[in-house]
Amino acid sequence: MSFTRRKVLTASALTAGACAIRGLFGNTVFGADGAKTSPRPVILATDIGGDIDDTWALALLLKSPELDLKLAVTDYGVPLYRGKILAKFLQTTGHGQTPIGLGPEYDDAKHSDGALARQAPWVKDYDLEQYKGPVHHDGAKAIVEVIMRSPQRVTVISIGPPPTVAAALAIEPRIA
Ligand SMILES: [Ca+2]
């Protein structure tokens, strides 16, 4: 599979990335062909906070040395709630310097994502101001900036309905 300089992929990239094998030393990782490779810079766009799968996906990503998380951005509305889960999870797992982006509100999400309350108790007392890493309040713009400034190819792992990714594409179509 060949990758264009900037390519938007779905969650399958996370699964494929997880197939690479951790090296014995430092950040050295080995691809499926056994060749040494560098960690791939990725952006996670997630509707975390509903069903638990996105929380698991974030955990898998953080434990995958072949992936280098440059930005975690909320998607499918309800950005403050989702952003708190991202922040608290990253902070709790020792990744509290990872940049976070808040996606735009999205009206449909309020009506169709009935599972939102499931992780609410975990963040009810969490203040996003506690987070030590950067918090970008325009998550779509942050996606554009990370991709356009990166000297390496950036993979967007989009694991939810993607209005935030769509907003990023509207700002800068060249990220595709
Ligand atoms: Ca999802």
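So, here is what we can say about the structure in this document. Quick caveat, the model's predicted, so the values are computed rather than measured.

1. With respect to the overall build of the protein chain
Thought 1: When its secondary structure is counted, the protein chain shows seven helices and nine strands.
Thought 2: Among the 176 residues that make up the protein chain, the fraction classed as buried is 40%.
Thought 3: Pairs at least 24 apart in sequence give 80% of the contacts found in the protein chain among residues at least 6 apart.

2. Digging into the pairing of strand β6 (residues 67-74)
Thought 1: Across the eight residues of β6, six count as buried, placing the element largely inside the fold.
Thought 2: Alignment of strand β5 (residues 40-46) against β6, held across seven bridges, turns out to be parallel. By the bridge assignment, isoleucine 43 is partnered in β6 with leucine 71.
Thought 3: Note that the unit made of β5, helix α2 (residues 53-62) and β6 has a crossover that is right-handed.
Thought 4: Note: β6 against strand β7 (residues 100-101), two bridges, orientation parallel. Bridging across to β7, alanine 72 finds its partner in isoleucine 100.
Thought 5: What joins β6 to β7 is helix α3 (residues 79-92), and the crossover it makes is right-handed.

3. Observations concerning the environment of aspartate 75
Thought 1: You can see aspartate 75 is positioned in the loop between β6 and α3.
Thought 2: You can call aspartate 75 buried: it has 31 C-beta atoms within 10 Å.
Thought 3: Through-space distance from the C-alpha of aspartate 75 to that of isoleucine 159 is 8.7 Å; in sequence the pair is 84 residues apart.
Thought 4: Not counting the four nearest positions on each side in its chain, aspartate 75 is found in contact with Ala45, Thr46, Asp47, Gly103, Gly160, Pro161, Pro162, Pro163, Thr164 and Val165.

4. Observations concerning the nonpolar core
Thought 1: Residues Ile43, Leu44, Leu86 and Ile143 are the most contacted members of the largest nonpolar core, which totals 33 residues.
Thought 2: Broken down by secondary-structure element, the contributors of at least two residues to this core are β5, α2, β6, α3, α6 (139-149), β9 (154-158) and α7 (163-171).
Thought 3: Ranked by residue count, the leading element in this core is α6, at six residues.
Thought 4: Each residue touching isoleucine 43, except ones within four places of it in the same chain, is listed here: Lys70, Leu71, Val73, Ile143, Val146, Val154, Val156 and Ile157.

5. Section: α2
Thought 1: Buried within α2 we find Asp54, Ala57, Leu58 and Leu61. Down the axis of α2, the smallest arc covering the buried residues is 100 degrees, so these residues share one side. Every exposed residue of α2 that faces more than 90 degrees away from the buried side is listed here: Trp56 and Ala59.

Criteria and thresholds
- Counting from 1, residues in each chain are numbered in the order their sequence is written.
- Reporting of local features is limited, given that this is a predicted model, to residues whose pLDDT is at least 70; pairs of side-chain atoms are given and counted only at 80 or more, and all residues count toward the totals for whole chains, interfaces and linings.
- Strands here are runs of E lasting at least two residues and helices are runs of H or I lasting at least four, both read from the DSSP assignment and numbered beginning at the N terminus.
- Our exposure labels follow a C-beta count within 10 Å of each residue's own C-beta, placed from the backbone: buried means 20 or more other C-beta atoms, exposed means 12 or fewer, and partly exposed covers the counts in between.
- C-beta atoms are first placed from the backbone for all residues, and any pair lying within 7 Å is then listed as a contact.
- Strands are treated as partners if at least two bridges between them are detected by DSSP.
- Seen with the strands pointing away from the viewer, any crossover whose path from the first strand over the helix to the second strand runs clockwise is right-handed.
- By our criterion, buried Ala, Val, Leu, Ile, Met, Phe, Trp, Tyr and Cys residues that link up through C-beta atoms within 7 Å make up a nonpolar core.
- The directions considered for the arc run from the helix axis to the C-beta atoms.

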